[in-house]
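Secondary and tertiary structure notes
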Amino acid sequence: MAHKEDGATPRYYVPARSSMAIFSATALAMIALGAASGMNSMRAANASGGDWLLLYAGLIALAITLACWFSLTIRENLKGMNSEQLKVSYRIGMQWFIFSEVMFFAAFFGVLFYVRTLAGPWLSGDGAGVMNTLLWPGFDYAWPLMDTPQDAIGGVKEQAKAGFLANNGEHTGPARNMSFPGWENLLHWLPFWNTTLLVLSSIWLEFAHHSLKKGNRKGFNFWLALTLIFGFVFVYLQYLEYHEAYVDYGLYLNSGIYGATFFMLTGFHGFHVIMGAGILTVQFFRSIMKKHFTKEDHFGFEAASWYWHFVDVVWIFLVAVVYVY
Amino acid sequence: MAGPDKGFSRWLLATNHKDIGALYLWFSFAMFLIGGSFAMIIRAELFQPGLQLVEPNFFNQMTTMHGLVMVFGAIMPAFVGLANYMIPIMIGAPDMALPRMNNLSFWILPFAFAILVSSLFMEGGAPNFGWTFYAPLSTTYAPPSVTFFIFGVHLMGISSIMGAINIVATIFNLRAPGMTLMKMPLFVWTWLITAFLLIAVMPVLAGAVTMMLMDIHFGTSFFSAAGGGDPVLFQHIFWFFGHPEVYIIILPAFGVVSEIIPTFSRKPLFGYASMVYATAAIAFLSFIVWAHHMFTVGMPLVGELYFMWATMLIAVPTAAKVFNWITTMFKGSLTFETPMLFSIAFVFLFTLGGLTGLMLAIAPADMQYHDSYFVVAHFHYTMVAGAIFSISASVYYWLPKWCGRMYNETMGKVHFWIAFLGFNLTFFPQHFLGLAGMPRRIPDYSIQFADFNMISSIGAFIYGLAQLIFLFNIIRTIYFGEKTTKEQTWESARGLEWTLPSPLPFHTFERPPSIK
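Bear in mind that the values here come from a model prediction, so they are computed numbers and not experimental data.

Summing up its helical and strand segments, chain B has 15 helices and 2 strands in all. The C-alpha atoms of chain B give a radius of gyration of 22 Å, which matches the 24 Å a tight globule of 516 residues would have. With the C-alpha coordinates of chain B rotated into their principal frame, the extents come out at 65 × 45 × 45 Å. Within chain B, the proportion of its 516 residues that are buried is 67%. Within chain B, contacts between residues at least 6 apart in sequence are counted, and of these 82% link residues at least 24 apart.

The next subject is a nonpolar patch on the surface. There is a patch of nonpolar side chains on the surface, built from A:Leu53, A:Tyr56, A:Leu59, A:Ile60 and A:Ile64 and spanning about 520 Å² of accessible area. Its place among the elements puts A:Leu53 in helix H2 (residues 53–78).

Residue and element names in this part refer to chain A. As far as domains go, chain A holds domain 1 (18–81) and domain 2 (94–325). Tallying the contact residues gives 4 residues for domain 1 and 4 residues for domain 2. Here domain 1 and domain 2 share an interface that buries about 290 Å² over both sides, 45% of which is from carbon and sulfur atoms. In this assembly, domain 1 and domain 2 are joined by 0 salt bridges.

What follows deals with the interface of chain A and chain B. With 75 residues of chain A at the contact, the number on the chain B side is 73 residues. In terms of surface lost to chain B, no three residues of chain A exceed A:Arg11, A:Val14 and A:Trp96, which account for 10% of the buried area on that side. Between the two partners, chain A and chain B, sit 2 salt bridges. B:Arg100 is paired through a salt bridge with A:Glu76; the nearest N and O atoms lie 2.8 Å apart. Between the two partners, chain A and chain B, sit 14 residue pairs in polar contact (both at pLDDT 80 or more). Those elements that provide at least two residues to the side of chain A that touches chain B are helix H1 (20–43), H2, helix H3 (84–123), helix H5 (149–152) and helix H9 (256–290) of chain A. Among the elements that take part in the side of chain A that touches chain B, H3(A) stands out by supplying 21 residues, more than any other. Of the residues assigned to the side of chain A that touches chain B, the class counts are 46 nonpolar, 23 polar and 6 charged.

Looking along the chain, the bond that leaves A:Trp143 and enters A:Pro144 is cis, with omega of 0°. By the secondary structure assignment, A:Pro144 is in the loop between helix H4 (131–134) and H5. At the junction of B:Ser502 and B:Pro503, the peptide bond is cis and its omega measures out at -10° in the coordinates. Here B:Pro503 is to be found in the segment after strand S2 (482–483). For A:Lys291, which is not a glycine, the phi torsion comes out positive at approximately 55°. Positionally, A:Lys291 belongs in the loop between H9 and helix H10 (299–324). Within the chain, B:Arg441 stands out as a residue other than glycine whose phi angle is a positive 55°. In this structure, B:Arg441 sits in the loop between helix H14 (409–435) and helix H15 (450–480).

All names here are of chain B. Relative to the helices and strands, Ile-193 resides in helix H6 (residues 186–217). Residue Ile-193 is classed as buried on the basis of its relative accessible area of 10%. Along the sequence, Ile-193 and Pro-252 sit 59 residues apart, while their C-alpha atoms lie 9.1 Å from each other. Ignoring anything within four residues of it in the chain, the contact list for Ile-193 reads Leu-251, Val-276, Thr-279, Ala-280 and Ala-283.

Attention now goes to H10(A). Across its 26 residues, H10(A) extends 36 Å between first and last C-alpha, which sits within 8% of the 38 Å expected from 1.5 Å per residue. At A:Leu318, H10(A) is deflected by roughly 30°, the largest bend along its length.

All chains considered together, the criterion is met by 8 salt bridges over all chains. As a salt-bridge pair, A:Arg91 and A:Glu302 come within 3.2 Å of each other at their nearest N and O atoms. In this pair, A:Arg91 is assigned in helix H3 and A:Glu302 in helix H10, connecting sequence segments 211 residues apart. According to the relative accessible area criterion, A:Arg91 is partly exposed, its value standing at 29%. Assessed through its relative accessible area of 13%, A:Glu302 is described here as buried. Across the salt bridge formed by B:Glu491 and B:Arg266, the nearest N and O atoms sit 3.0 Å from each other. On the criterion of sequence distance, the pair formed by B:Glu491 in the segment after S2 and B:Arg266 in the loop between helix H7 (231–265) and helix H8 (272–286) is long-range, its members being 225 residues apart. We classify B:Glu491 as exposed; its relative accessible area is 62%.

Here the focus is the packing of aromatic side chains. Residue and element names in this part refer to chain B. Inspection of the entire model under this criterion finds 93 aromatic pairs over all chains. Ring geometry for Tyr-24 versus Phe-106: centroids 5.2 Å apart, planes at 75°, classification edge-to-face. Of the two residues, Tyr-24 is situated in helix H2 (residues 17–45) and Phe-106 in helix H4 (residues 99–118); the sequence distance between them amounts to 82 residues. Here Tyr-24 falls in the buried class, since its relative accessible area comes to 2%.

Below, the discussion takes up the packing of helix H7 (residues 190–213) of chain A against helix H8 (residues 217–248) of chain A. A pair of packed helices is captured by two measures, namely the crossing angle of their axes and the spacing between those axes. Residues and elements named next belong to chain A. At a minimum axis separation of 8 Å, H7 and H8 run at an interaxial angle of 160°. Regarding the angle of H7 to H8, the classification is roughly antiparallel. Handedness of the H7/H8 crossing: left-handed. Each residue belonging to the contact of H7 with H8 can be placed in one class, and the counts come to 20 nonpolar, 6 polar and 1 charged.

Right, let's talk about the environment of A:Ala208 for a bit. All names here are of chain A. By the element assignment, Ala-208 lies in helix H7. Accessibility expressed as a relative area gives 0% for Ala-208, which makes it buried. Each C-alpha atom of the pair Ala-208 and Phe-220 lies 4.4 Å from the other, and the pair is 12 residues apart in sequence. Those residues in contact with Ala-208 that sit more than four places away from it in its chain are Phe-220, Trp-223, Leu-224 and Phe-301.

Further remarks concern the nonpolar core. Ranked by internal contacts, the top residues of the largest apolar core, which has 283 residues, are B:Phe72, B:Phe149, B:Trp191 and B:Trp325. With 24 residues, the top contributor of residues to this core is H6(B). Shared between two domains, this core holds at least three residues of each, these being domain 1 (18–81) and domain 2 (94–325) of chain A.

This part covers the confidence of the model for chain A. Residue-level pLDDT values for chain A average 91, and 94% of them are 70 or greater. Counting contacts from residues 1–8 of chain A, a segment whose pLDDT is below 50, to residues more than four positions away or on other chains yields 17 contacts.

All names here are of chain B. A rise of 1.5 Å per residue sets the reference length of H7, with its 35 residues, at 51 Å; its end C-alpha atoms lie 51 Å apart and thus fit the reference within 8%. Taken across its 35 residues, H7 has 33 buried, putting it largely inside the fold. At the N-terminal end of H7, a side-chain oxygen is found 2.9 Å from the backbone nitrogen of Val-232, two or three residues along, and the residue is Asp-230. Phi turns positive one or two residues past the end of H7, at Arg-266, with a value near 55°.

Moving on, we come to the side chain of B:His380. Residues and elements named next belong to chain B. As for its placement among the helices and strands, His-380 is situated in helix H13 (residues 373–403). Residue His-380 is classed as buried on the basis of its relative accessible area, which comes to 13%. Residue contacts for His-380: discarding those within four places in its chain leaves His-66, Ala-385, Phe-423 and Phe-427.

Turning to the environment of B:Phe428, a few remarks are in order. All names here are of chain B. Tracing the backbone shows Phe-428 in helix H14. On the basis of relative accessibility, which here comes to 37%, the residue Phe-428 falls in the partly exposed class. For the pair Phe-428 and Ala-310, spaced 118 residues apart in sequence, the C-alpha to C-alpha distance is 27 Å.

Reading the values: the criteria
Residues numbered from 1 in each chain as written. Chains lettered and ligands numbered in written order. Predicted model: local features only at pLDDT ≥ 70, side-chain atom pairs only at ≥ 80, totals over all residues. Heavy atoms only, no water. Helix = DSSP H or I, 4+ residues; strand = E, 2+ residues; numbered from the N terminus. Rg over C-alpha atoms; globule rule 2.2 N^0.38 Å. Buried < 20%, exposed > 50% of the residue type's maximum accessible area, 1.4 Å probe, protein only. Contact = heavy atoms within 4.5 Å. Patch = residues over 30% accessible without salt bridge, like charges linked within 9 Å, V, L, I, M, F, W, Y side chains within 5 Å. Areas by Shrake-Rupley, 256 points an atom, 1.4 Å probe, with all protein chains shown as cover. Salt bridge = Lys/Arg side-chain N within 4 Å of Asp/Glu carboxyl O. Domains from an automatic or database assignment. Buried area = accessible area lost by both parts, 1.4 Å probe. Polar contact = N/O pair within 3.5 Å; in protein donor to acceptor, adjacent residues only side chain to side chain. Nonpolar A, V, L, I, M, F, W, Y, C, P; charged D, E, K, R; others polar. Expected span 1.5 Å × (residues − 1). Bend = angle between axes of the 7 residues up to and from the residue. Phe/Tyr/Trp six-rings, centres within 6.5 Å; stacked < 30°, edge-to-face > 60°. Axes fitted to C-alpha atoms, helices over the stretch in contact; angles between N-to-C directions. Parallel < 35°, antiparallel > 145°, perpendicular 65-115°, else oblique. Left-handed = near helix turned anticlockwise from the far one by under 90°. Core = buried A, V, L, I, M, F, W, Y, C linked by side-chain atoms within 4.5 Å. pLDDT = per-residue confidence, 0-100.

Structure (structure tokens):
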């Protein structure tokens, strides 16, 4: 991969100085401090809106800084300061960033696997342990977990009487779960529509990319807009899904490990969809307002599309192990 | 291209890889002294049996903060600093691939550690659950400052991932023409593999602390059996990060030593290709051995057996490396300048640490060793005599190149011998303490452990003193060291950095050199 270099090739652009990083680092520190102190005062039950001010200020500062940073790199690219070699650095950077995201999700998928194949059966008495007989008599493991070990011994009060109450408290299983309701109910099942939306949006995005590579600006804008609409409808349906879980199914974050894994996996996925849609929206406005992107040079869009395909693939795995299997 | 800015903005707005490398190195030295002072408090308390200086809870805060600050604040940033400084030069690149992000990677760290260390002054005290922060100690029973700890870890993770991505992009994309992968200096190779490990496991750590955060504040039950979770699950996630993490710490040390030993043996490195493959093999194995840290937690027998055998496999590539270093020295024209002394001590003492690791890998024997001072002795032989010694070696090795001044060789040798003596005095007796049954992370002990503990504490104070000599020698070199402008500091050092003048120009290789 070593780059061919001769006298005519442009130098690798190394900016002389940059204030972007120190602003970003300050904003990140504000977010960390604000979130931590906000959560701590929330837990100490003396919360006031002011505790979160630092967090909001940090988020706004980070958004502004990143906007400046990205627009700076875009302007540099338009001025032709970015050599082909520099563009390769950006591509490598994005690829490895997505790999790090894969590993982040892998941790949560790993938890689901461990709980379902090992921890759950052990709690109900499988293997050589004595956890079931001594701690959780009467607990039977089944997935989705409708009755937690705490339910099995008579709820949080009985557990407190026995002398061991976790300070994160009550874990009551849900009334209903979100699993696949059978083929006859397929069309009334939100994840089916969500899967359709997300897979189609990925296909529309490829159409957009092909249009761009042919120099068809109108086609590009159209297919990208369609991708975005599908993406935002996905987010809306996911909101309906959560509403249903909370209001109709009694499924909460504290509904035992089923609720925890369900909300953390779908939640982080949903958060990534929102980020991906946000990034694509920026690309859309760059295209319609500033006529950015050419046939050959459209890395901003391409990186966003890699990201979008990544969240799509995560969703496929998620439907398989969170909802269906 | 422009020269350096005047004043503090040079550092605050830095994009130059040498400036950022220097920032990392100074930051890590500051953290090293802070983490070291925590260790001094630990050893002072353990000087005699009984409780004399600190409360048990504060002692736990000290062991926790010592581990966290040393691992994440001292050793890792020191190697990232060396990578920043040396990798672009070693591969003939103009700078790091993404210079502005490089600056961000660094400047996150002071904030992260300010948050972490400030938890010492918070209500309820600093984190006191050990650097491994096992649930439920770190969730149900944690002090409120755990929330700040969690977000501090998130910041460090962001910094590490960005730094690692930068290094991967630099090595893959910015090598000079002709610098094929198998011509890269071994330090570059080990860092490429380390960067891969970082990108793979730092997100897993982020996941682990996120689950802790959710358990503490939002009612999830990942690590609580009452809701169907499992505290042992935390250990699995943590060590899936933690075992690659210890190789993140030691692989760059392998790289440094593989640069220094050939120089002072006046021979090329023996078995270059096998060094590369051994590094890759160690990195691969690091992903599939994590549960050897938890043999006593109650795993199924097949799990214990699998993790035992897989762990013992690591000895094979590691032994290949030690063999290569020794064979490099064999029949070499050896001289013993300070970097070489530290490197030879590294080979000798790291091998001891590796052998105790092999003992710990044997599951039935580990039932006895687990959570004892034997473990403490083992990992300090790898972390201190491994990582810290090699960092000292590399500072002495490259300091004349960095600042164009020669350090005081006598003082360097004094530093080495005091450090060597102090280190072994501190940690060698801890093997015996552990085998005799003294548990780790405890402020008081039974009186039969008294003698060895006193020796260990005296050794620790000596080792602490040695670091002040190190600091003094570095500062003295920078301001008053004998000037040297020659390109080749060490007679027969190989590599692109020794083709450049000393001190290094602000920008190097703006046009890539040609490698034959």
